[in-house]
Amino acid sequence: MLLTIFLLWSALDRLSIVAHPMLADYSPEVAEDILDPILLRKSVHIKALLRFRDYLHKRHKHANQGSVFSDALSNSSFSIRYFRGSDSLGALKIEIEADAQVQRDRKRAEYYSLKDRYENLVREARSKEHQSAYDYRGFSYHPRWCAKCNLESQAENMEITVHEWPLPEDLLLAQATVFELQCPPAFQMWRSTTYAVLYDFGRPGLEPVAPSPANLTLASYNALKAYCSSQGRITFASSTTSFMKSHYSTQKVAHLDTVSTVLVNNGLRYKLYDIKLQRWAQNSFSDCNVNPLCHLSIPSSSPYSGLQYALPRTTHSANQPIADQALVPPALSVHEHLAFGTLRSGPQLQWLNILRELRARTLSFDHIEVHMLLVQTVLQTGDVGKGGLVWHTILKEPSFGLALLNEIDDLLLSVESNWHHIITLHTMTIVTTRLLAALPSDEVVHHAGSTLRTARRISFSWVQKLIVDLKCTDNEDHSTLLRQRLSSAAAACRATYDVDSRYLGLFINCDEDINIFIQCAIQIKDNTAEGAKASDLKLFLRRDVRMAQNLINIIWENISARRAGLDKAIVSIWSGYQQGSDWKPLPTPNERWLVSSISDVSTNIQSAVHYNLLDGTLLIDGKPLGRLPASIVQHSTYVRLLGNKILDVVPSTLPAMDFATRSAVVEPNLILHFQLPRNDGNLIIQAQVGPNIFELIPPTVFRDMKGPDFPLAFIENYAHWLQVSPQTDSGRLGFHPLKALWQREEDCSLTFTPLGSGTMKARNRSVMVDIRSTTFIMLSKRLKPLDEPGHIHIWVDAQERLLLKLPNYNLAFFLSQSNELECSTIRDMVVDSNQSSGTFFGLSNQLVLRHRDTRKTRISASGSRRVIVPLGDVTFSKRLHHSQVNISVGPNQRYIVYQIDVDLGRLSGTTMLSHLYKIYLHACTSFPFSDPLTQRTGTEEALSNLVSAQSFSFQSLSEEETKLLCKIGDLSPSIQWFPEHLKVMQTIHWNQLGSLVQHWAFASLANEIMDFDRQMSSIGIGAHKHILPPHGKEPRLLARIKSRSFGFYPNVDKDPVTCIDTVYPTKSTSPSRRSGPRETLLLVSNLSLFAYNSSAPLDTESNLWELLQCDVQQLSNELQATDSYRAFISPNIGKLILPLYKLCQTGRQSAAAMSRFAFTWSTMVYTSSSPLDSLLQRIAPTFLAFARTPGFQRICLPLSENFDLRAGIHPKAEVLENLLKKYPLEPPFGEPTRLINESDDDYYPRRRRFLESEREQQLKDIVQQLVGQWPCTTPRTPSTVSYRFCLFNLNSTDFTTSMSKLFLGWYNNMQLKNFVDQVQTVLDRKREISMFSVPRSVTESYHFTSISCMEAKSIRILPPTLIELVSHHEPPAPFPPSFNSSVQGITVPVATTVIGAEVTKVVSLVDQLKHGTQRLHHIYASALDSSLKSHLRRTSQRHDHDHANLGATTSELALEMDYESRCSDFKAHFLSIQKSLAPRNDMEKALQRA
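We now turn to the structure provided with this report. (Residues numbered from 1 in each chain as written. Predicted model: local features only at pLDDT ≥ 70, side-chain atom pairs only at ≥ 80, totals over all residues. Heavy atoms only, no water.)

## Details of the packing of helix 11 (residues 368-379) against helix 13 (residues 422-437)
Part 1 of the reasoning: Direction vectors running N to C along helix 11 and helix 13 enclose 5°, while the axes themselves pass 10 Å from each other. Comparing their axes, helix 13 and helix 11 come out roughly parallel. Contacts between helix 11 and helix 13 involve I368, H371, L374, V375, V378 and L379 on the former and, on the latter, I423, H426, T427, M428, I430, V431 and R434.
Part 2 of the reasoning: Along the lines of polarity and charge, the residues of the contact of helix 11 with helix 13 split into nine nonpolar, three polar and one charged. (Axes fitted to C-alpha atoms, helices over the stretch in contact; angles between N-to-C directions. Helix = DSSP H or I, 4+ residues; strand = E, 2+ residues; numbered from the N terminus. Parallel < 35°, antiparallel > 145°, perpendicular 65-115°, else oblique. Contact = heavy atoms within 4.5 Å. Nonpolar A, V, L, I, M, F, W, Y, C, P; charged D, E, K, R; others polar.)

## A look at the environment of A608
Part 1 of the reasoning: Counting through the fold element by element, A608 comes out in strand 15 (residues 606-612).
Part 2 of the reasoning: Owing to a relative accessible area of 21%, A608 belongs among the partly exposed residues under this scheme.
Part 3 of the reasoning: As a C-alpha pair, A608 and S581 span 27 residues in sequence and 9.7 Å in three-dimensional space.
Part 4 of the reasoning: Look past the residues within four positions of A608 in its chain and what remains in contact with it is S596, L619, I620 and D621. (Buried < 20%, exposed > 50% of the residue type's maximum accessible area, 1.4 Å probe, protein only.)

## Comments concerning the pairing of strand 9 (residues 270-274)
Part 1 of the reasoning: The buried count for strand 9 comes to four of five residues, which makes it a mostly enclosed element.
Part 2 of the reasoning: By the bridge criterion, five bridges tie strand 6 (residues 234-238) to strand 9 in an arrangement that is antiparallel. By the bridge assignment for strand 9, T235 is matched with Y273.
Part 3 of the reasoning: Pairing of strand 9 with strand 10 (residues 279-280) involves two bridges; the strand directions are antiparallel. Looking at the pairing, D274 lines up with R279 of strand 10.
Part 4 of the reasoning: Once strand 9 ends, the chain turns through four residues before running back antiparallel as strand 10, passing Q278 with a positive phi of about 55°. (Pairing = 2+ DSSP bridges.)

## Quick look at the sheet that holds strand 9
Part 1 of the reasoning: In space, the four strands of this open sheet follow the order 5-6-9-10, with antiparallel pairing throughout. Every other strand in the sheet has two partners, leaving strand 5 (216-217) and strand 10 as the edge strands with one partner each.
Part 2 of the reasoning: Note that strand 5 and strand 6 share two bridges and pair antiparallel. Looking at the pairing, T217 lines up with A237 of strand 6.
Part 3 of the reasoning: Across the sheet, helix 6 (residues 171-181) is in contact with strand 6 and strand 9; its angle to strand 6 comes to roughly 135°.
Part 4 of the reasoning: Sitting on the sheet, helix 7 (residues 185-201) is in contact with strand 6, strand 9 and strand 10, with an inclination near 90° to strand 6.

By themselves these figures say nothing about function.
Okay, structure coming up:
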């Protein structure tokens, strides 16, 4: 392509020089060595290149005037020289200037006219006055119709457009502009073409330069548009803007002083411009280089990709590949790396390096990268000298040529038996033809001809072998690969014809040459699929297309002289071909098509055979020959019948059929005929077996809106052949299974009459019952729970028995003499009329069988009733309030038979899989009501089965059983943290089943079974399986739900919590508390004791008012503050003190009141902040005294609701003074009276001092009057009669309101102080030494075991049940010393803990098991050791508590009395709790019974 482009350019250059001889003085712009990288193969092209180089050399030698693309103008510029030698251009310049002068004179006259008018308007405006007008209100304004203003506006708005001289002021630029207006066509064409060749084609791979838009092109300039002829791609454009398009184009007449302002010079600066790419044309060819178009690129994934630098050029050093040895990929040897990298190192050593590598065989010639390297080496022209191509002069030496051909012959013979060396043959063919292009000696030419014929013979043998391999394969991928190989081998064979025209007689001189050439062309056409070409195949096929274009005339001359070659090639493809009329080309433009008419002797049918000389297409009556077209091969009917089988076809001899297989298919007499798909998309296939013809009926024919015509298995799994010849009175449709398609005998046959009645018989003479008959519909309904009617087969056998078959299940039934459907597969069982199994309600796929002996059914004998359930994927959905459960059914369906055990109320299976499957179905079909069979809900039955011993009675779980367990675990709802990173809330995702079905225990129990399986596999029993944890189920949250639901399902797990709960620090472990842990714990633990022991003295507060003032300060008396329990959590003590007093005052000393008191104060102590903790400890005895002492019932709370003790209990003068200062009044003007002759400097200071003194005096008097009215809630306004003027606004509403609020607050505080004094009086009378403070004699308090030391299973997420609570032992606590008893106590020594003999034996056993040889012994020893340590730790804790109890001094009498008191209190509390928790309505009672 490049050579053609530049040869056309050289022809244009010659013509342009003829038209304009002076063009020869200027540079041709094309560099002499621009085509040095080009790849040429034929001598004619090499000679053309040499002629082009010679012409270009002469052009450059004669050129001495620079470039025509330069913007620098001089007297030697082409445009200036041409202008000066052209009379027409000179006349055009004069015409342009004359026309411009006329326009300029008119513009001058217009300027003076407008100037005179402007002066007149200005004078007239000066002679007038501005007008005024009045609006409706009488105000004056300036109207819009003022005459003076209108005249001034007209004068100011007068404008004139400037006149720009059309040609530039510079003479040379003006002459060049006129030249561009009427640019000579020949020069214009040469300039645009040269620019396009060098810039568009000569810069491949370079990024396009960003557009640089010009402000104005010459053709778009209005002043010169009338003189401009058609413009080419390169023309003049200006980088500056014309005055006519700028803001200077119009001028205000008022601002013009002289006419020169209107008459301006040309403002354009012209340069050469490319209007196509919008860029300036100067210096456009500096980076011109065609080298990227002249070399191939190695794919980046290739191991040779690092040697890309060695492909396009010869300038790299031979040391470069040596230096890069460390970078050699593993797929490439170092020796081949060096050989590849150094082959082109040195331009004149390339051919010698090729000869060396042919002998050494270091390079892998079967790789496309090596092919690229050798092609680049032998075809790149390189430098041109006087004797021709410098790089290839060695080819003219006969000795080198013969040596090269000998090595090529040896290489071809070595690869002859391996068709994988197709690329090697391509490479050697190109090397040989390039040698011929160098016009060597006759000896070399004859040897080269022999070499090419050897290559042709080898490649054609490969083609024939690949054709045979392709016929034998039926794998699509392998077939595609063989087709590509076949196309590549055929292209390699045809490449041996691609030689210089002078040598064609040596290679195309007989019919066999034409035969091979055409056969390979047909194979390339038939086996090359568009869009499926490999990169190397694309390269070879492009060369083949070029070669076919060059040889089309030679081939036609040989065919017209001797047709045997073409006929022989067609016979090799189509064995039924017979020679017909002479081959003739079609009329132009289709002369590449040859046509011949042939006739079939047997049928006397004329056929037209077409052959395309260019692409090798062979058509018979317009249809392709060789392979079936894609429209047939890819059709669903063909794929269903033949799959990926590849058939060779010929035109069909049957009427309306297009193709027929060349040979028999499987059977000796079976020939398939095909018809191209018509508009309806149907493919017609017929089978010919001797005289009989059958047509394939597609399966879609047997389906319509009413349903299928046969059971689906007979539609989907069979091929249906309808006999169409010879014709008979009745039709016959044969059913052949697709798995044994070509067997002689058919499985079934349908015989029918034209009236529509027919009979379908099997090979065993059974007759099928019509799928649409009443009998079929009635019987299929009985078996519909297991399978759809389309999958049920009903036959009448030779003994006239009615048989029902479920092929998916491999189950069979028959109609017994008692008209019951009896199962042949499960003996003595019939389909039960009662299809309820007593469970699995909502399961669609189940069939209940009973024993045919009804007596066994009536007595519920073992195994008398069974239920068949298919084993498959279970899907469920909600249907009203029930679950709809379906099981997917398919071919080879497995099923499980369960025995219905009425006595034990269960379904019995025989395997672990059936057991787990039953659990899953029980859960999916669960309902709030109990199932009649199990007397439990489905969820309860499933959970009961999961915890049963049967669920753990296995050695190893199969993969299917494991998946089923995972599905059971997935029944539990997905529960996760929300948000996941904070873990403060939870989110639950429910499925489509009922909420009671989605039980927490499914996931945990399924995990326990899988854990057991893992334990078994860890000791060598069963195979280890990787089991994924349940998705979306957080273990800690699952354990939390498990514990909460434990009360509803207590039998599921006796120990519901299996994970350690979050540790919540107690008050004793909180580092931020000010009170000691022992004091706080004793305070809370002894609250109940002092609440119930009315005889215990209390350490009440000695100064309650001081405590309220210092520690509380703000109080409220809102009784609703204690209505909610939330008020006692992190309490606000100021809001609770007075309401709590009211509760204690009115509660009396009842058990319920004391319980509320103990519970309330314990809550406040535990949840209060640090400063409040000590306050609560101080006032707790006082409030307990309020509840105990009757005297407080007569002391009532003040009526006010809010108290702020910070304000005090009486009025404060400073507060009132500050309030008065907020409401000042200005004194009357002139007060005090100015003295005679008193200056301002004297008066105003005196006035200021007087007012300050007066204001201070009034402030004290008013405050004294207000305070004097105390005690009151709303004082009267003080009198101001004694003042000459008042300086305070005492009548202000804001002042009065604020003053009343202050007095009300003081009054309320005073009332509270009186109340507290009364309370304090009673407290002082009753005050005694209290036991409520921390007892000094008590040295041990409650013992809390650290949570990290506790066993996991002993920790509960929720409190225990009531039964567990009352049955649990009371934790040991220190006994308080007796206050009334004077009996001296005794000291009981603490017992010591020792390890007994039993423990010693256990320790010895653990040690023996740990040192055993079996892994099971090690696991058992570890578990036993852990259990022993737990036992010893709990024993130690129990002895510690006993030590604390026995170490305390107490009285036996006190112990007995205290015991009786505690028993009495316990009974009272227990009855109260039992009454509170008892069921109150029907629903709660039902739950209690459940």
